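Descriptive analysis of the structure
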Amino acid sequence: MPVRHWVKLTKDHLVFSAGHFITFGGNICERIHGHNYRVEVELHGPLDENHYVVDFIALRDSLQEIVTGLDHRMLLPTQHPAIHVTSDAKEVTATFEERRWVFPKEECILLEIPNTTTELLAQWIGEQLLTALEEKLRWKPEVLRVGVDENYGQWGYCEFS
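Everything numeric in this text was worked out from a predicted model, so none of it was measured.

1. Concerning the environment of Val53
Its location among the elements puts Val53 in the loop between β5 (33-44) and α1 (56-70). A relative accessible area of 5% means that Val53 is categorised as buried. Distance in space between the C-alpha atoms of Val53 and Trp6 is 6.3 Å, their sequence separation being 47 residues. Not counting residues up to four positions away in its chain, the partners in contact with Val53 are His5, Trp6, Val7, Leu43, His44, Gly45, Pro46, Leu47 and Trp139.

2. Points about the pattern of salt bridges
A full pass over the atoms with the stated rule returns 6 salt bridges. Residue Lys8 is joined to Glu40 by a salt bridge in which the shortest nitrogen-to-oxygen separation is 3.9 Å. Taken together, the residues span a long stretch of sequence, with Lys8 in strand β1 (residues 6-9) and Glu40 in strand β5 at a distance of 32 residues. Overall, the relative accessible area of 47% leaves Lys8 in the partly exposed class. On the basis of relative accessible area, Glu40 is assigned to the buried category, the value being 12%. Arg145 is the salt-bridge partner of Glu159, the closest N and O atoms lying 2.5 Å from each other. Placement of Glu159 in strand β12 (residues 155-160) and of Arg145 in strand β11 (residues 143-149) is noted, with a sequence separation of 14 residues between them. According to the relative accessible area criterion, Arg145 is partly exposed, its value standing at 31%. The structure contains a network of salt bridges with shared partners spanning Glu42, Arg145 and Glu159.

3. Description of the nonpolar core
The biggest cluster of nonpolar side chains holds 34 residues, and the ones touching the most others in it are Phe16, Val41, Leu59, Leu63 and Ile125. Residue assignment for this core shows that the elements contributing at least two residues are β1, β2 (15-20), β5, α1, β10 (108-111), α2 (118-137), β11 and β12. Among the elements that line this core, the one with the most residues is α2, at 8 residues. Not counting the four nearest positions on each side in its chain, Phe16 is found in contact with His35, Asn36, Tyr37, Val39, Val67, Leu70, Asp71, Leu75 and Ile125. Judged by nonpolar contacts, the second largest core, of 11 residues, contains Cys29, Leu76, Ile83 and Phe103.

4. Some words on α2
Compared with an ideal rise of 1.5 Å per residue, which puts 20 residues at 28 Å, α2 spans 27 Å between its outermost C-alpha atoms and is within 8% of the ideal. Turning to α2, its buried residues are Thr118, Leu120, Leu121, Ala122, Trp124, Ile125, Gly126, Leu129, Leu130, Ala132 and Leu133. Trailing α2 by a residue or two, Arg138 shows a phi angle of about 55°, which is positive.

5. Points about the sheet that holds strand β8 (residues 91-96)
Here we have 3 strands laid out as an open sheet, ordered β7-β8-β9, and antiparallel in their pairing. Single-partner strands in this sheet number two, and they are β7 (83-87) and β9 (99-104). Neighbour to neighbour, the strand axes of the sheet diverge by 15° on average, direction disregarded. Sheet topology note: the β7/β8 ladder contains 5 bridges and is antiparallel. The residue of β8 that forms the bridge with Ile83 is Phe96.

6. Comments concerning the packing of aromatic side chains
If you walk through the whole model with that rule in mind, you get 3 aromatic pairs. Their ring planes at 15° and their centres at 4.6 Å tell us that Phe16 and Tyr37 sit as a pair that is stacked. Of this pair, Phe16 sits in strand β2 while Tyr37 sits in strand β5, and the two are 21 residues apart along the sequence. Neither residue differs from the other here; Phe16 and Tyr37 are each classed as buried.

Calculation notes
Residues numbered from 1 in each chain as written. Predicted model: local features only at pLDDT ≥ 70, side-chain atom pairs only at ≥ 80, totals over all residues. Heavy atoms only, no water. Helix = DSSP H or I, 4+ residues; strand = E, 2+ residues; numbered from the N terminus. Buried < 20%, exposed > 50% of the residue type's maximum accessible area, 1.4 Å probe, protein only. Contact = heavy atoms within 4.5 Å. Salt bridge = Lys/Arg side-chain N within 4 Å of Asp/Glu carboxyl O. Core = buried A, V, L, I, M, F, W, Y, C linked by side-chain atoms within 4.5 Å. Expected span 1.5 Å × (residues − 1). Pairing = 2+ DSSP bridges. Axes fitted to C-alpha atoms, helices over the stretch in contact; angles between N-to-C directions. Phe/Tyr/Trp six-rings, centres within 6.5 Å; stacked < 30°, edge-to-face > 60°.

Any functional reading would require information that these geometric values do not contain.
Printed below as a string of structure tokens:
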């Protein structure tokens, strides 16, 4: 019978608080609001010479760096067809139909995604984590699952394989 190994990382400190809004139903745009997000990851792969899938310390530190970068920020999608985001040296402006928001630039994270749903936040975090692990460890998991919880039980997931 084949044997598979994986690790899962869910730490109390893998959290971030951020503001966002999403669109749905074609032309409905939520009001700005925030969440205390939680993040978890699961990585599958063969055991290495040390008999583990990945170094937990490198994984934890890489993911923490990504999560910390999102903390206390306004998350804005740059690939949305109807939300237009522009920035200059000091401010970020977002518009949707007749609505307009202006934020201090240093308080925003511009994400190359079409909407700031938990599923797409999980994908963005996963992409950043894959890059970090490749740079730090020269390693890529066979499978990476990322979960983002926005409301204590409302999880969005993305799987890379």
